[in-house]
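# Descriptive analysis of the structure
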Amino acid sequence: MEPITPITTTFQTPDGKQVIIETGKLAKQANGSAVVRVGNTMLLATVVAKEEAADNADFLPLSVEYKEKYYSVGRFPGGFFKRETKPSDYEVLISRLIDRALRPLFPEDFHAEVQVQVTLISGDKNVPPDAYAALAASAAINVSDIPFHGPISEVRVAQINGEFVINPNFDEMENATLELIVAADNKNIMMVEGECEEVSEDTMVEALKFAHEAIKTQCDAQSELMSKVDKCQNKYDYCHEVNDEELRKQVHDFCYPRCYEVAKSHTANKKLRSQMFDDVKAAFIETIPEEEREEKQFMIERYFYDAEKSGVRNYMLDSHKRIDGRDLEEIRPIWCEIDCLPSAHGSSIFTRGETQSLCAVTLGTKLDEQIIDGAVVERKDRVILHYNFPSFATGEVKAARSISRREIGHGNLALRALKGMIPSDYEENPYTIRIVSDILESNGSSSMATVCAGTLALMDAGVKMKKPVSGIAMGLITDNDRYIILSDILGDEDHLGDMDFKVTGTRDGITACQMDIKVDGLPYEILAKALNQAKQGRMHILDIISDTIAEPRSDYKPFVPRIETIIIDKDCIGAVIGPGGKVIQEIQAQTGATITIDEIDEKGYVQIFAPDYDAINAAKLSIRRIIAKPEVGTVYTGKVKSILDFGAFVEFLPGKDGLLHISEITWERLDDVNKVLKVGDTIEVKLIEIDPKTGKYRLSRKVLLPKPEGYVAPPAREPREAREPREAREPRGDRNDRGPRDSRGPRNNNFRGHHDHDNNRNQENYAPRKKEDEE
């Protein structure tokens, strides 16, 4: 069989990277498949769709899965099973970005189940594959026979050293002050998400324009590929909706004016307003003959939604008033509280209208850092945010299952908003931080409530935030001729509107944003106006936050475990750790502290974590003794480690032993060391010499004792260099003349392995005995 030649097209990114899109070689049984290649990075995207929709389906059941294979970078997956299992949070976030870009481009009346899968099959540690995932997915759909109003694509735009860069590498992003993922087709932007370092609204708009130009090139490349593929020239026919135009007109004529009046009533209570709309629907159903109601129920629901949407939107466009009675730029009433959980390290409640977040902060050690072990992305996170959305927050009954993709996405947005304002330096913030936001009520942007509650809880915990952060959700309603921009949108305004734009930031700039646009042709002028209106709302919320707590606590709460950092020389790290971790484990056992060591910039950063300062000070003292450099003339407190005939070895600093010769123990002549010292004794000694050749230490105890009255020092020993050379000395005689070994006592080998035994001893005394000696 001849090798398959794929159909390909290529284009270049603004910085010169060549991107290849090919189809027709892999996964040919899918409705569509495509491979995107950038250098060594290869993404395989497939799409499969059912031809028929499920009964009474009125939405698009689209599922998107992004997966990174560990073999793509030559690695084994972690864990017991050594295989890829459930998607990581990172993979879920990329899946959501692809989904939000693709979903608006399917026909409104297309309700068949669609599954898109994007798989990293070859990776490069320096190339972020997520920036090309939506391109691969869009290419796969466009070369298929599935109806789709594409092509679309996504790019990452970053501002590095004041310049915008498309799809930068990992090493380049380390210096980025803005990083956004932008999705668009040739005409319109439909999705934005990213983080910034307090950039201006004008910079944000310029970044979106720059990204859109790069996306147009990618869309043109897909169109070129489509022109070469026969299968995509004829999209398959479908009929997923059965409509009754007469019934549609009846529903509109009856329900539209009544829904308009409900919107005009300015009912602020969500449940009451929802009940009023349900009453309108129920009143219409009463006009239908009873025997026809069950048959027409599904279509009535669909047509009533259209009537409700039109009534609410037209009222707001006509009156420039909101359905809860607010002006367009008005923020709902806000109340805040801190220190509401007495045992938490930091806590807060933030309530805006009918949206409420209870937030708690926990401070931990380096051992609590979250390890991200992806195929391409490997790192440790010191700031973690978990967002929880229980069903009672909206008054619903639902089974409590695993964390949803929505919860992961909303938590990630709040994390991106806050983390830039949390000091990363160990001296300013030695803790690993976990923020948990439990949503207790929800009627409009709980993720922005999480940002505000998170700021309050962090400052309540004593975390030295650079600046407080607030967030607001903006909305848009337009009918092409008219438009209104809404600040602090309700859930209904999000559901029935044309844009959901969340913006977070400090008083000096934007820190994160997320945008989903549901209409075509949104001018940049409207987007810029929405950003500036959002800034006004952020400032209002920041004022309320500052009234609650103006700055972080001056100190952590009394029950918060303390962390102190010691910076040591790189060469001392091994001494503190010890062989097999023995030394550091002993310190932890003796003091009750937890100790971690990191090598950063050729220095050792030692973190000591303990419930009180006494334990920290004890651990610091032990570490400082280990890293201390012995100095001649210094007095040390040491422990007797071993006793020999000629003296004792004393550990005067951790891991440093010195010889205390028998002549240096007392001023009086001493025949037996054991008369004065025992193993384990703690004594004071003075370092009197460091051998310049061997680095061995000589200690003295007697110099610290008072000299006895009438003491006469023994004659000083000749310096080594003044002694008679060995070959000039008189012969010592036959060794056998000295008597049998038994009369000389047993050989003492105990000190042979010690590094501080008397080096002047004649080594032949310890050599194996010759045969003639035995005779």
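Residues numbered from 1 in each chain as written. Predicted model: local features only at pLDDT ≥ 70, side-chain atom pairs only at ≥ 80, totals over all residues. Heavy atoms only, no water.

### With respect to helix 5 (residues 245-264)
- Across its 20 residues, helix 5 extends 28 Å between first and last C-alpha, which sits within 8% of the 28 Å expected from 1.5 Å per residue.
- Of all bends in helix 5, the biggest is about 35°, found at Cys255, and the proline Pro257 comes one to four residues later.
- The set of residues buried in helix 5 consists of Leu247, Val251, Phe254, Cys255, Tyr256, Cys259, Tyr260, Val262 and Ala263.
- Buried residues belonging to helix 5 abut helix 6 (270-285) and helix 7 (290-319).
- A distance of 3.2 Å separates the backbone nitrogen of Glu246 from a side-chain oxygen at the start of helix 5, and that oxygen is part of Asp244.
- Of the residues flanking the end of helix 5, it is His266, one or two places downstream, whose phi is positive at about 55°. (Helix = DSSP H or I, 4+ residues; strand = E, 2+ residues; numbered from the N terminus. Expected span 1.5 Å × (residues − 1). Bend = angle between axes of the 7 residues up to and from the residue. Buried < 20%, exposed > 50% of the residue type's maximum accessible area, 1.4 Å probe, protein only. Contact = heavy atoms within 4.5 Å. Polar contact = N/O pair within 3.5 Å; in protein donor to acceptor, adjacent residues only side chain to side chain.)

### Comments concerning the sheet that holds strand 22 (residues 562-569)
- Taken in spatial order, the three strands line up as 22-24-23 in an open sheet, and their pairing is antiparallel. Looking at strand neighbours, the two that pair on one side only are strand 22 and strand 23 (594-600), the edges of this open sheet. Averaged over all adjacent pairs, the angle separating strand axes in this sheet is 20°, with direction ignored.
- Here strand 23 runs beside strand 24 (residues 603-610); their pairing, made up of seven bridges, is antiparallel. Counterpart to Thr596 in the pairing with strand 24 is Gln607.
- Relative to the sheet, helix 14 (residues 613-627) contacts strand 22, strand 23 and strand 24, its axis offset from that of strand 22 by approximately 5°. (Pairing = 2+ DSSP bridges. Axes fitted to C-alpha atoms, helices over the stretch in contact; angles between N-to-C directions.)

### A look at the nonpolar core
- Ranked by size, the top nonpolar core spans 113 residues in total, and within it Leu180, Val182, Phe350, Ile433, Ile435, Leu458 and Phe501 carry the most contacts.
- Here the element with the most residues in this core is helix 9 (residues 446-461); it accounts for 10 residues.
- Residue contacts for Leu180: discarding those within four places in its chain leaves Val155, Arg156, Val157, Val192, Glu193, Gly194, Glu195, Cys196, Met204, Ala207, Leu208 and Cys513.
- One finds Ala137, Ala139, Ile141 and Val229 within the second-largest nonpolar core, a separate group that totals 56 residues. (Core = buried A, V, L, I, M, F, W, Y, C linked by side-chain atoms within 4.5 Å.)

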